[in-house]
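Architecture at a glance
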Amino acid sequence: MKVLVSDPVSQAGVDILRQEFTVDVRAKLSAEELLRVIPDYDALVVRSETKVTKAVIEAAVNLKIIGRAGVGVDNIDVEAATQKGIIVVNAPEGNTVAATEHTMAMMLALARNVPQAHASMKQKEWQRGKFIGVEMRGKVLGILGLGRIGTGVAKRALAMEMDVIAYDPFIGTGHAKALGIELAETEEIFSKADFITLHLPLTPETRNLINRDTFARMKKGVRIINCARGGIINEADLTEAIKAGIVAGAAIDVFGKEPVEPDNPLLTVDRVVLTPHLGASTAEAQVGVAVDVARGIAAALRGEPVATAVNMAPVAPHVLEVIKPYLNLAEKMGCLGIHLTDGRINTVDLEYNGEIADVDTKMLTTAVVKGILNPILQETVNYVNAPAIAKARGIRVKEVKSKETVHFANLITVRIMTDKNEHVVAGTLFGKQEGRIVMIDGYRVDVAPRDWLLIGPHIDRPGMIGKVGTILGDYNINIASMQVGRTEEAGTNIMVMAAESDIPTPVMLKIKAVDGILGAKLVNFNAG
Ligand SMILES: NC(=O)c1ccc[n+]([C@@H]2O[C@H](COP(=O)([O-])OP(=O)(O)OC[C@H]3O[C@@H](n4cnc5c(N)ncnc54)[C@H](O)[C@@H]3O)[C@@H](O)[C@H]2O)c1
Ligand SMILES: O=C(O)[C@H](O)COP(=O)(O)O
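Definitions and cut-offs
- Residues numbered from 1 in each chain as written.
- Chains lettered and ligands numbered in written order.
- Predicted model: local features only at pLDDT ≥ 70, side-chain atom pairs only at ≥ 80, totals over all residues.
- Helix = DSSP H or I, 4+ residues; strand = E, 2+ residues; numbered from the N terminus.
- Rg over C-alpha atoms; globule rule 2.2 N^0.38 Å.
- Pairing = 2+ DSSP bridges.
- Axes fitted to C-alpha atoms, helices over the stretch in contact; angles between N-to-C directions.
- Contact = placed C-beta atoms within 7 Å.
- UniProt positions renumbered as here; feature names shortened; annotations may be inferred.
- Near = placed C-beta within 6 Å.
- Nonpolar A, V, L, I, M, F, W, Y, C, P; charged D, E, K, R; others polar.
- Domains from an automatic or database assignment.
- Buried ≥ 20, exposed ≤ 12 C-beta atoms within 10 Å, placed from the backbone.
- Expected span 1.5 Å × (residues − 1).
- Core = buried A, V, L, I, M, F, W, Y, C linked by C-beta atoms within 7 Å.
- Parallel < 35°, antiparallel > 145°, perpendicular 65-115°, else oblique.
- Left-handed = near helix turned anticlockwise from the far one by under 90°.
- pLDDT = per-residue confidence, 0-100.

1. Topic: the overall build of the protein
Per the secondary structure count, the protein includes 17 helices and 22 strands. Taken against the 2.2 N^0.38 rule, which gives 24 Å for 528 residues, the C-alpha radius of gyration of the protein at 30 Å runs more than 25% over that of a compact globule. With the principal axes as the frame, the protein shows a C-alpha extent of 105 × 50 × 35 Å.

Shown next, in the form of structure tokens:
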């Protein structure tokens, strides 16, 4: 496997990747060069500089994972990656302290005119009266986005005796209460805050969030700090608001276009403190994010689930422990189910019975959907894109859970409904690892789902197994195991034969033509 590192990333992370993979470090590739080389790579490691566009993703024929050595993934087309089944992982915690401390440094520098005073002294001046600042103590700090960094800033601001209020619609009041701060609506923050600091992701909702209109509603003399993402503040409007005296000053680490271009309006005003996206630039943070992302990439390339994947439903370690032994079985059940069906799939119902119903089974459901879609689609279907592909195809997937069981400690039942008919497959684990199919369309069976399975419902009369066995024998196809499944009602049975090799179509046609066979199906688990 080959990994491309296309932004400056700490050697500690590169070393971890080199233990298992071939790693090329090629920082500062142009967009054209990236498009040209990306087809060679299985994994890509970036920071915020490399733009992983839709075009890059389309060209990336071997790419399985994109690792972001940091938090923000707005430079990656996550939707395009998801569609293509490429996992995107980030390293969300490694640079939290660095970005938090940089925010505090920026806020203090802004309040006390540190860079302006420094620049003046470098001009051999001694201007004590020109750089009168303001104290933080007793001032209202409004935080937009109370996640990891927003929370860190709140704690430090409280230590500086500021009054802290925060807006974050996705955080519970308990979190704010435990911190000792108040949650507020944006209007309250705009009207009360002396300092406003942004700690939001850049999303379609937050893009241009702070603009001419919002500045007009802010307290006169407010100071703005942005160490989150450039596109959240309209830079031209901020410049105007500074010139108009609405904003007393701004400390900005991140910009709409990076590197900043000479015509950026913020470069024309004095009352700003600017840094070139340095929030995460500490020795400690760079080692932290590089090591975290390298571990995530290595795990994903080994086929293990990664907790920091941003385009997969997160799975808690204790849940993973319970569901992991069932993942392969669930996928095989989906594969078996789709081979039984005819017609257009409308709905897939999953029923989880027993102790397994106690945990989050979303990943198992995804495994079933993956098993259903893989045999019928050309594109790669995996844990990342399976739910989106099912949704795009109008397939409804529903889960039902119950602790009640009849014959087995745990049972998974998959019901696939098409516009023509409905088929049901149930499976369980024997021992701790051995997946078994225990029911097909109401027939009780006990089958290990592997290689090739011939499934033949038939009329319950003597000689049926012999006829099918003879056809297979004539074509030199060996049967590894065979069994007959029955239902409560007499009249029909199902034969399930595990073949040691593929059964070619002409042979299947002969079997289907046997008098008394009610539609034979071949399941190839190797292809699914
Ligand atoms: N300057 C840097 O070098 C640097 C370093 C690290 C992180 N960052 C950036 O800082 C920001 C915050 O990072 P984090 O690690 O704290 O992320 P986080 O995910 O922990 O926190 C983001 C918070 O924003 C909230 N949020 C999302 N949409 C919102 C909306 N529309 N309105 C209000 N709140 C909303 C979320 O609920 C979440 O609590 C991100 O943009 C990240 O990319 C910058
Ligand atoms: O989102 C992040 O992690 C920060 O903005 C850091 O970006 P960087 O890795 O390019 O410094």
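2. Re the pairing of strand 15 (residues 410–418)
With nine bridges joining them, strand 13 (residues 345–354) and strand 15 adopt antiparallel strand pairing. The residue bridging Val348 from the neighbouring strand is Ile416, located in strand 15. Where strand 15 and strand 16 (residues 422–430) come together, six bridges link them in antiparallel fashion. When the sheet's bridge partners are listed, Met417 is paired in strand 16 with Glu422. In this antiparallel pair of consecutive strands, strand 15 and strand 16, the connection spans three residues.

3. Considering the sheet that holds strand 2 (residues 22–25)
Reading across from one edge, 2-1-3-4-5 is the order of the five strands in this open sheet, with parallel pairing throughout. Each edge of the open sheet carries a strand with a single partner, namely strand 2 and strand 5 (87–90). Here the strands of the sheet are splayed against their neighbours by 20° on average, with no regard to which way each runs. Relative to strand 4 (residues 65–68), strand 3 (residues 43–46) runs parallel, the two being bridged by four bridges. When the sheet's bridge partners are listed, Leu44 is paired in strand 4 with Ile66. Where helix 1 (residues 11–18) meets the sheet, it contacts strand 1 (2–5) and strand 2, and its direction lies at approximately 150° from that of strand 2. Packing of helix 12 (residues 283–301) onto the sheet brings it into contact with strand 1, strand 3, strand 4 and strand 5, and relative to strand 4 it is tilted by some 165°.

4. Let's talk about the UniProt feature "domain: ACT" (unreviewed entry) in the protein
As recorded in UniProt, the sites labelled "domain: ACT" (unreviewed entry) are residues 453–525. In residues 453–525, helix accounts for 26% and strand for 37%; the two terminal C-alpha atoms are 8 Å from one another.

5. Focus on the site of ligand 1
In the vicinity of ligand 1 lie 32 residues, with Gly72, Gly145, Gly147, Phe170 and Gly279 positioned nearest. The greatest single-element share of the shell around ligand 1, amounting to three residues, is contributed by helix 7 (residues 148–159). Among the residues forming the shell around ligand 1, the class breakdown is 17 nonpolar, 10 polar and five charged.

6. Here's the deal with the domain arrangement of the protein
When cut into domains, the protein gives domain 1 (1–91 + 282–311) and domain 2 (96–274). A separation of 31 Å is found between the C-alpha centroids of domain 1 and domain 2. On the domain 2 side, the residues contacting the five residues of domain 1 number four residues. Grouping the amino acids of the side of domain 1 that touches domain 2 by side-chain chemistry returns one nonpolar, two polar and two charged.

7. Quick word on unusual backbone geometry
Looking along the chain, the bond that leaves Glu258 and enters Pro259 is cis, with omega of -10°. For His277, which is not glycine, the phi dihedral falls at a positive 50°. By secondary structure assignment, the location of His277 is in the loop between strand 12 (272–274) and helix 12. Classification of His277 by C-beta neighbours within 10 Å gives buried; the count is 20. With phi around 50°, Asp441 is a residue other than glycine that occupies positive phi space.

8. Examining the pairing of strand 16
Working note: regular strand, side chains alternate between the two faces of the sheet. Of the strand pairs in this sheet, strand 16 and strand 17 (residues 434–440) are connected by six bridges, and their pairing is antiparallel. Paired with Gly427 across the two strands is Ile437, which belongs to strand 17. In sequence, strand 16 turns back onto strand 17 through a hairpin of three residues, with Gly431 there showing a positive phi of about 65°.

9. Topic: the sheet that holds strand 9 (residues 195–198)
What the seven strands build is an open sheet, ordered 8-7-6-9-10-11-12; its pairing is parallel. The sheet is open, and its two edges are formed by strand 8 (182–183) and strand 12, each paired on a single side. Where strand 6 (residues 140–144) lies against strand 9, four bridges are found, and the strand directions are parallel. For Leu144, the partnering residue across the bridge sits in strand 9 and is Leu198.

10. Regarding helix 5 (residues 96–112)
Taking 1.5 Å of rise per residue, 17 residues should cover 24 Å, and helix 5 covers 24 Å from first to last C-alpha, within 8% of that figure. Residue Asn113 follows helix 5 closely and has a positive phi angle near 55°.

11. Points about the nonpolar core
Judged by nonpolar contacts, the single largest core of 147 residues is most densely connected at Val45, Ile87, Ala166, Ile297, Val368 and Ile412. Among the domains, domain 1 (1–91 + 282–311) and domain 2 (96–274) are the pair contributing at least three residues each to this core. Setting aside chain neighbours within four positions, we find Val368 in contact with Ala330, Glu331, Met333, Gly334, Val348, Leu350 and Val414.

12. Describing the packing of helix 1 against helix 12
With their axes 7 Å apart at the nearest point, helix 1 and helix 12 run at an angle of 20° to one another. On the basis of the axis angle, helix 1 is roughly parallel to helix 12. Viewed along their axes, helix 1 and helix 12 form a crossing whose handedness is right-handed. When helix 1 is examined against helix 12, the residues Ala12, Gly13, Ile16 and Leu17 are found in contact with a partner set consisting of Val287, Ala290, Val291, Val293, Ala294, Arg295, Ile297 and Ala298.

13. Details of the confidence of the model for the protein
Looking at the protein, pLDDT values average 94 and 99% of them are 70 or higher. Of the two predicted TM-score estimates for the complex, the pTM is 0.76 and the ipTM is 0.99.

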